[in-house]
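Structural description and commentary
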Amino acid sequence: MSESSLAEILRSRGLRLTAQRQLILQAVLDLGHATPEQVHTAVREVAAGVNITTIYRTLELLERLGLVTHTHLSHGSPTYHAAGEDQHVHLVCRDCGAIDEIDPELLRPLADQVASQRGFRVDIGHVSLFGVCVRCENGDQK
């Protein structure tokens with residue numbers, strides 16, 4: 001997202017574009033999937049004075065603005081990624097923590113079956129599957 005686009009979105013809500021907001025959004029975009037702590041680490045490389053509270057508050061603001069979204073990939077902190085991305089299912093390696101993505105349509109038959117049998121509509125784009133990635137399975141950990 002360009003700086004001018006972010007500025008326009010913020011202005012339309014009566015907010016202003018700050019360097020911190022731009023840095024935090026850029027960190028999420030650059031990292032792909034990131035916890036607030038990972039965003040904090042990335043932002044501090046450029047602006048050492050940004051504290052973790054600012055990161056959390058800004059991520060919440062960016063989510064309210066529809067620029068980022070989060071999911072819970074474990075019992076820890078939420079993981080943020082750009083909201084403009086296509087929906088995807090997260091594949092999370094329990095050994096190395098790697099996160100991969102698959103097309104949510106792979107789960108469509110299961111979601112349809114759950115809907116017909118249980119009357120429950122699955123939000124496929126918010127699903128995370130946990131297991132072991134091929135690198136860890138083969139002993140080729142990072």
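Remember, predicted model here, so these are calculated numbers, not experimental data.

Residue placement: His81 occurs in strand 2 (residues 79-82). Each residue touching His81, except ones within four places of it in the same chain, is listed here: Val28, Gly32, His33, Val68, Thr69, His88 and His90.

Moving on, we come to the pattern of salt bridges. Within the structure shown, the criterion is met by one salt bridge. Its salt-bridge partner being Glu105, residue Arg108 comes within 3.4 Å of it at the nearest N-O pair. A residue is classified by how much of its surface remains accessible, and Arg108, at 33% relative accessible area, is partly exposed.

Take the environment of Arg11 next. Turning to its location among the elements, Arg11 is positioned in helix 1 (residues 3-12). For Arg11, a relative accessible area of 57% gives the class exposed. Along the backbone, Arg11 and His126 are 115 residues apart, and their C-alpha atoms lie at a distance of 30 Å.

Let us look at the confidence of the model for the chain. Scored by pLDDT, the chain comes out at a mean of 87, with 93% of its residues at no less than 70. Per-element confidence in the chain is highest for helix 3 (residues 36-44), whose mean pLDDT is 96, and lowest for helix 1, whose mean pLDDT is 79.

Within the largest apolar cluster, 18 residues are counted, with the highest numbers of intra-cluster contacts made by Ile24, Val39, Val43, Ile55 and Leu62. Only helix 1, helix 2 (19-31), helix 3 and helix 4 (52-64) provide two or more residues apiece to this core. Aside from chain neighbours lying at most four places away, what touches Ile24 is Val39, Val43, Thr54, Ile55, Thr58, Leu59 and Leu62. Membership of the second largest hydrophobic core comes to five residues, among which are Val89, Leu107, Ala111 and Ile124.

Moving on: the sheet that holds strand 3 (residues 89-93). The strands making up a sheet associate through hydrogen bonds between their backbones, and the pairing can be parallel or antiparallel. Strand order in the open sheet formed by three strands is 4-3-5, and the pairing between neighbours is mixed. One side of each edge strand has no neighbouring strand; the edge strands of this open sheet are strand 4 (99-102) and strand 5 (128-131). Here the strands of the sheet are splayed against their neighbours by 25° on average, with no regard to which way each runs. Pairing of strand 3 with strand 4 involves four bridges; the strand directions are antiparallel. Counterpart to Val92 in the pairing with strand 4 is Ile99.

Summarising the element assignment, Ile9 is placed in helix 1. Counting along the chain gives 56 residues from Ile9 to Leu65, while the straight-line C-alpha distance between them is 7.6 Å.

Take the packing of helix 3 against helix 4 next. Each pair of packed helices can be summarised by the angle the axes make with each other and by the distance between the axes. Their axes nearest at 9 Å, the elements helix 3 and helix 4 cross at an angle of 115°. The chirality of how helix 3 crosses helix 4 is right-handed. Between helix 3 and helix 4, the contacting residues are Pro36, Glu37, Val39, His40 and Val43 on the first element and Ile52, Ile55, Tyr56 and Leu59 on the second. Among the residues making up the contact of helix 3 with helix 4, the classes are represented as seven nonpolar, one polar and one charged.

Look at helix 2 against helix 3: their axes get within 9 Å of each other, and the N-to-C directions meet at 115°. When the axis of helix 2 is compared with that of helix 3, the two are roughly perpendicular. Like other packed secondary-structure pairs, helix 2 and helix 3 cross with a definite hand, here right-handed. Facing Leu23, Ile24, Ala27, Val28 and Leu31 of helix 2, the residues of helix 3 in contact are Gln38, Val39, Ala42 and Val43. Within the contact of helix 2 with helix 3, the residues separate by chemical class into eight nonpolar, one polar and no charged.

The rules behind each value
Residues numbered from 1 in each chain as written. Predicted model: local features only at pLDDT ≥ 70, side-chain atom pairs only at ≥ 80, totals over all residues. Heavy atoms only, no water. Helix = DSSP H or I, 4+ residues; strand = E, 2+ residues; numbered from the N terminus. Contact = heavy atoms within 4.5 Å. Salt bridge = Lys/Arg side-chain N within 4 Å of Asp/Glu carboxyl O. Buried < 20%, exposed > 50% of the residue type's maximum accessible area, 1.4 Å probe, protein only. pLDDT = per-residue confidence, 0-100. Core = buried A, V, L, I, M, F, W, Y, C linked by side-chain atoms within 4.5 Å. Pairing = 2+ DSSP bridges. Axes fitted to C-alpha atoms, helices over the stretch in contact; angles between N-to-C directions. Left-handed = near helix turned anticlockwise from the far one by under 90°. Nonpolar A, V, L, I, M, F, W, Y, C, P; charged D, E, K, R; others polar. Parallel < 35°, antiparallel > 145°, perpendicular 65-115°, else oblique.

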